[in-house]
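Summary of the model geometry
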Amino acid sequence: MKDKEFLIQNGVNVEKSLELFGDMETYNDTLKVFIEDIVSKKENLNKYKEIADMANYAIYAHSIKSDARYFGFDHLSELALNHEMAGKQNNMYYVTNNYEEFMKELARIERVCHEYMNIPVVKEEQIITIKDEAILVVDDSPVIKKFIQNIFHDKYQIIEASDGIEAINNLATNPKINKMLLDLNMPNCNGFDVLNYLSQNNLFTKIKVTVITGIGNYDIVEQAKKYPIKGVLLKPFNERDIKNALEETEIL
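Right, let's walk through the structure included here. A quick note: this is a predicted structure, and the numbers were derived from the prediction, not measured.

Here we come to the side chain of Lys41. With respect to the helices, strands and loops of the structure, Lys41 is situated in helix 3 (residues 24–50). Relative accessible area serves as the criterion here: at 11%, Lys41 is assigned to the buried category. Within the structure, the side chain of Lys41 is placed 3.1 Å from the side chain of Asp37, a separation counted as a polar contact. Contact partners of Lys41, with chain neighbours within four places excluded, come to Tyr60, Ser63, Ile64 and Asp67.

Here it is as structure tokens:
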């Protein structure tokens, strides 16, 4: 086992933690429990994120926050608190857009704990996949594009377009595109121009198109349904909604 200076050098607030535990022996014994327990907590956190169960997500974020505070992992505690509050507010956008940062800090703390306790780290085999499929995300909102990028970047090539002109250029040059999330209300060249391009070039048979639009645009939605699109997704949507939109489930 390494000296406590190792923890301090890695940003662990040991002195604050000892106000609770009293001595390093108690700290170390309890840290072993944290190392064993964090694996299942992380799995549950990811599970509830995937199914957009923000209430249970908040519970596990709260648990990680409490553990982090006990052991002096101040930055991890701060991140977990932010995710706990986002979960309680059902803020799926925040959770998805900031999940990677949360997991990176948690992984760093796990590595520090394992090295401090001289516990071997079991490295997961890295699997490199070639992304043969691409999603074209056509929306002028950087928030929406980042949200979708964070969800699908490990499975699909994500291609972004801010207006219809960029979308049509990508459709003409990238044969990997087989899914599209298309906003209708955009500058320069709108979503209906893109739908017309798809129709004129017989691309609906190859590309599954899901229209995304704001609540209340019912006339626009009815007009969009005249095209052979897969469905319409109303903003604001969550991770589960967008995943369903890219599966076989019809959402018309």
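Our next topic: the packing of helix 3 against helix 4 (residues 54–71). Geometry of a packed helix pair, given as the angle between the helix axes and the separation of the axes. It is the contact of helix 3 with helix 4, at a shortest axis distance of 10 Å, that shows an interaxial angle of 160 degrees. Relative to helix 4, the element helix 3 lies roughly antiparallel. By crossing handedness, the relation of helix 3 to helix 4 is classed as left-handed. Where helix 3 approaches helix 4, its residues Tyr27, Thr30, Leu31, Phe34, Ile38, Lys41, Asn44, Leu45, Tyr48 and Lys49 are matched on the opposing element by Met54, Asn56, Tyr57, Tyr60, Ala61, Ser63, Ile64, Asp67 and Phe71.

What follows covers the sheet that holds strand 5 (residues 231–235). Reading across from one edge, 2-1-3-4-5 is the order of the five strands in this open sheet, with parallel pairing throughout. Where the open sheet ends on each side, the last strands, each with one partner, are strand 2 (157–161) and strand 5. If you compare each strand with its neighbour and ignore which way they point, the axes differ by 20 degrees on average. Examined bridge by bridge, strand 3 (residues 177–183) and strand 4 (residues 208–214) share five bridges and lie parallel to one another. Across the sheet, the residue bridging to Asp183 is Ile212, located in strand 4.

One non-glycine residue, Asn118, adopts positive backbone phi at about 55 degrees. For Asn202, which is not glycine, the phi dihedral falls at a positive 55 degrees.

What follows is about the environment of Phe73. With respect to the helices and strands, the residue Phe73 is situated in the loop between helix 4 and helix 5 (74–88). Looking at Phe73, the relative accessible area reads 2%, which means it is buried. Each C-alpha atom, one on Phe73 and one on Asn185, is 45 Å from the other, the two residues being 112 residues apart in sequence. Filtering out sequence-adjacent residues up to four positions away, Phe73 remains in contact with Val12, Tyr27, Leu31, Phe34, Ala68, Ile109 and Cys113.

For the rest of this paragraph, the subject is the packing of aromatic side chains. Inspection of the entire model under this criterion finds 14 aromatic pairs. Plain terms: the ring middles of Phe34 and Phe71 are 5.4 Å apart, the flat faces sit at 50 degrees to each other, and that makes the pair tilted. With Phe34 in helix 3 and Phe71 in helix 4, the pair connects residues that are 37 residues apart, well separated along the chain. Take Phe34 and Phe71: they sit in the same class, and that class is buried. Between Tyr48 and Tyr60, the aromatic rings sit 5.9 Å apart at their centres with planes inclined by 25 degrees, giving stacked as the arrangement. You can see Tyr48 sitting in helix 3 and its partner Tyr60 sitting in helix 4, a full twelve residues away along the chain. For Tyr48, a relative accessible area of 15% puts it in the buried group. Aromatic ring contacts, followed pair by pair, group Phe21, Tyr27, Phe34, Phe71 and Phe73 into a single cluster. The ring of Phe6 carries Lys2 above its face, with NZ or CZ at 5.4 Å from the centroid. Lying over the aromatic face of Tyr99, Lys49 brings its terminal NZ or CZ to 4.6 Å of the ring centre.

So, about the pairing of strand 2. Judged from the five bridges that link them, strand 1 (residues 134–138) and strand 2 form a sheet pairing that is parallel. Among the inter-strand pairings, Ile135 is bridged to a residue of strand 2, identified as Ile158. Handedness of the β-α-β unit built from strand 1, helix 7 (residues 142–152) and strand 2 comes out right-handed.

Here the focus is the pattern of salt bridges. Counted by the stated rule, this structure contains 14 salt bridges. Close ionic contact of Glu110 with Lys42 constitutes a salt bridge, the shortest N to O distance being 2.7 Å. Placement of the pair is Glu110 in helix 6 (residues 92–116) and Lys42 in helix 3, with a sequence separation of 68 residues. Residue Glu110 is classed as buried on the basis of its relative accessible area, which comes to 11%.

Conventions used here
Residues numbered from 1 in each chain as written. Predicted model: local features only at pLDDT ≥ 70, side-chain atom pairs only at ≥ 80, totals over all residues. Heavy atoms only, no water. Helix = DSSP H or I, 4+ residues; strand = E, 2+ residues; numbered from the N terminus. Buried < 20%, exposed > 50% of the residue type's maximum accessible area, 1.4 Å probe, protein only. Polar contact = N/O pair within 3.5 Å; in protein donor to acceptor, adjacent residues only side chain to side chain. Contact = heavy atoms within 4.5 Å. Axes fitted to C-alpha atoms, helices over the stretch in contact; angles between N-to-C directions. Parallel < 35°, antiparallel > 145°, perpendicular 65-115°, else oblique. Left-handed = near helix turned anticlockwise from the far one by under 90°. Pairing = 2+ DSSP bridges. Phe/Tyr/Trp six-rings, centres within 6.5 Å; stacked < 30°, edge-to-face > 60°. Lys NZ or Arg CZ within 6 Å of the ring centre and 35° of its normal. Right-handed = clockwise from strand over helix to strand, strands pointing away. Salt bridge = Lys/Arg side-chain N within 4 Å of Asp/Glu carboxyl O.

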